[in-house]
Amino acid sequence: MKSKPTVLYDVPGPRARRRNLLWTLLFLLALAAVVWWVVASLADKNQLEWSKWAPFFTDARVWETYILPALKNTVIAAALAMVIALPLGALLGISRLSDHRAVRGVAGTVVEFFRAIPVLILMLFANAAYSEFTDISPETRPLYAVVTGLVLYNASVLAEVVRAGILALPAGQTDAAKAIGMRKGQTMTYVLLPQSVTAMLPALVSQLVVIVKDTALGGAMLGFSELLASVRPMSANYGANTIACFTVVAVLFVILNFALTTFASWLEGRLRRGKRSTGAVVGADAVEELATPGEHAGPTDETK
C-alpha cells in the first residue's frame, strides 16, 4: 500500500525508512569513533589528568586573577560596541533609503567601504591611529581600538540588515501611511520601523553574537586582556593545561552567547504577543474628525 503524499513531500515508505535508519546508525558510529579518537589522543598527552583541571574547581585565584578580569573586559568591549553600533547601523540603513541622492551616496559609500574590510584590519588601523594622533594611554588603547573596529564593521553590516528589513515590508504599509497624510519621517518612525524590528531581530542577534566573539581578535593581535588572551598566562602558571583553559574559555563564550540569544528570543516573543493582543481603538468622534477635518486639523503637505 502506497503512502499518502503530503503537501511538501512524499511520506517515506518501508525501504526509505530502513535506509534512513541505516545512515543514521552509520553517522552515529562515525561520530563515536571521532569522539573516542579525540579523547584517546588527549589521554595520551596527559591532558585529561585531574591535576590540569583541578585549579578551576579548587583554586579561586585562577578566577580572580585571570578569568573574571578577562571576562569583564570582554563584556565591556562587546557592550560598548553594541550600544554604539546598533543606533549607528540603524541610521546608516535608514539613510540608504533616503530620497536625497547625496545622503544615499554618502551612507552607501560608508557601508560598502567598512563592510568590505576585515574587522581585524580595522582594529589594527584604529590602534595605530590612536597611538599616532591621541594621548590615550597604552593600557587602555587596545580597548578603544577593539571597540572602534567592531563598531565600524558591525554598524555597516547592521545597516544592511535594517535596510533589508524595511524593504521586506509590503508596499501597502507605506501607501496607507501616505493616504492618511503622514510624512516620510513619520512613516518610518511610526509604521515601518516598529513592524520591521521583529522580522530583523534574529539577524540582529546573530550579528551581536559576532561582536562578542570578535572581541577575541583584540587579544590575539593587540594585547587586549579579554577571555581568549587569558589562556596563555593561565596555562603557563598551572602546568601547561592548555586544553583545560581553552575548554573553560569556550564554555564561558557559549554561556555569554546563549544568554544573549535567550534574551532576544524572549524579547521577540513578547513583541509578537504584543502585536497580536493590542490594537488601536478609534472612537466615533475621532472617525468623524478624520473624515471631515475641522478648524483644528494640522496643515497638510500641500498647504505648507
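Everything that follows concerns the structure shown earlier in this document.
Residues numbered from 1 in each chain as written. Predicted model: local features only at pLDDT ≥ 70, side-chain atom pairs only at ≥ 80, totals over all residues. Heavy atoms only, no water.

Some words on the layout of surface pockets
In this model, the second largest pocket occupies a volume close to 190 Å³. Of all the elements in the fold, those that place two or more residues in the lining of the second largest pocket are helix H9 (184–221) and helix H10 (231–237). Per-class residue counts for the lining of the second largest pocket are 7 nonpolar, 1 polar and 2 charged. (1 Å grid on protein atoms, 1.4 Å probe; cavity = no way out; pocket = protein on both sides within 12 Å on 5 of 7 lines; lining within 4 Å. Points joined across faces, edges and corners; volume = space filled by probe spheres on them. Helix = DSSP H or I, 4+ residues; strand = E, 2+ residues; numbered from the N terminus. Nonpolar A, V, L, I, M, F, W, Y, C, P; charged D, E, K, R; others polar.)

Here we look at the nonpolar core
Across soluble globular proteins, nonpolar side chains show a tendency to be buried alongside one another. In terms of nonpolar packing, the biggest core is built from 38 residues, with Phe 56 and Met 234 touching the most fellow members. At the level of secondary structure, the elements contributing two or more residues to this core comprise helix H4 (61–95), helix H6 (119–133), helix H7 (141–167), H9, H10 and helix H11 (242–277). Grouped together as the second largest cluster of nonpolar side chains are 15 residues, Ala 85, Ala 155, Ala 177 and Val 191 included. (Core = buried A, V, L, I, M, F, W, Y, C linked by side-chain atoms within 4.5 Å. Buried < 20%, exposed > 50% of the residue type's maximum accessible area, 1.4 Å probe, protein only.)

Topic: a positive patch on the surface
Taken together, the side chains of Arg 15, Arg 17, Arg 18 and Arg 19 present a region of like positive charge at the surface. Along the chain, Arg 18 turns up in helix H1 (residues 14–44). (Patch = residues over 30% accessible without salt bridge, like charges linked within 9 Å, V, L, I, M, F, W, Y side chains within 5 Å. Areas by Shrake-Rupley, 256 points an atom, 1.4 Å probe, with all protein chains shown as cover. Salt bridge = Lys/Arg side-chain N within 4 Å of Asp/Glu carboxyl O. Lys, Arg positive; Asp, Glu negative; His and termini not counted. Charge placed at Lys NZ, Arg CZ, Asp CG, Glu CD.)

Some thoughts on the packing of aromatic side chains
Taken as a whole, this structure holds 5 aromatic pairs when the rule is applied. The interplanar angle of 80° and the centroid separation of 5.0 Å between the aromatic rings of Phe 113 and Phe 114 together place this pair among those described as edge-to-face. Where Tyr 130 meets Tyr 144, the ring centres are 6.0 Å apart and the plane angle is 70°; that geometry is what we call edge-to-face. In this pair, Tyr 130 is assigned in helix H6 and Tyr 144 in helix H7, connecting sequence segments 14 residues apart. In this structure Tyr 144 comes out as partly exposed when scored by relative accessible area, which is 42%. (Phe/Tyr/Trp six-rings, centres within 6.5 Å; stacked < 30°, edge-to-face > 60°.)

So, the pattern of salt bridges
Throughout the structure, instances matching the rule amount to 6 salt bridges. Measuring nitrogen to oxygen at the nearest pair gives 3.3 Å for the salt bridge that ties Glu 112 to Arg 96. Here Arg 96 lies in the loop between H4 and helix H5 (101–116) and Glu 112 lies in helix H5, a separation of 16 residues in the sequence. On the accessibility criterion, Glu 112 (35% relative accessible area) is partly exposed. Ionic pairing is found between Glu 160 and Arg 96, a salt bridge with its closest N-O pair at 2.7 Å. Here Glu 160 is found in helix H7, whereas its partner Arg 96 is found in the loop between H4 and H5, with 64 residues between them in sequence. When sorted by exposure, Glu 160 lands in the same class as Arg 96, which is buried. Each of Arg 96, Glu 112, Arg 115, Glu 160 and Arg 163 takes part in a single network of salt bridges with overlapping partners.

Some details on unusual backbone geometry
Here the phi dihedral of Asn 46 falls at roughly 60°; this positive angle occurs in a residue that is not glycine. Topologically, Asn 46 is positioned in the loop between H1 and helix H2 (50–53).

Observations regarding the side chain of Arg 96
In this structure the side chain of Arg 96 is engaged in a polar contact, spanning 2.7 Å, whose partner is the side chain of Glu 160. Excluding its chain neighbours within four sequence positions, the residues that come into contact with Arg 96 are Arg 104, Ala 107, Gly 108, Val 111, Glu 112, Glu 160 and Arg 163. (Polar contact = N/O pair within 3.5 Å; in protein donor to acceptor, adjacent residues only side chain to side chain. Contact = heavy atoms within 4.5 Å.)

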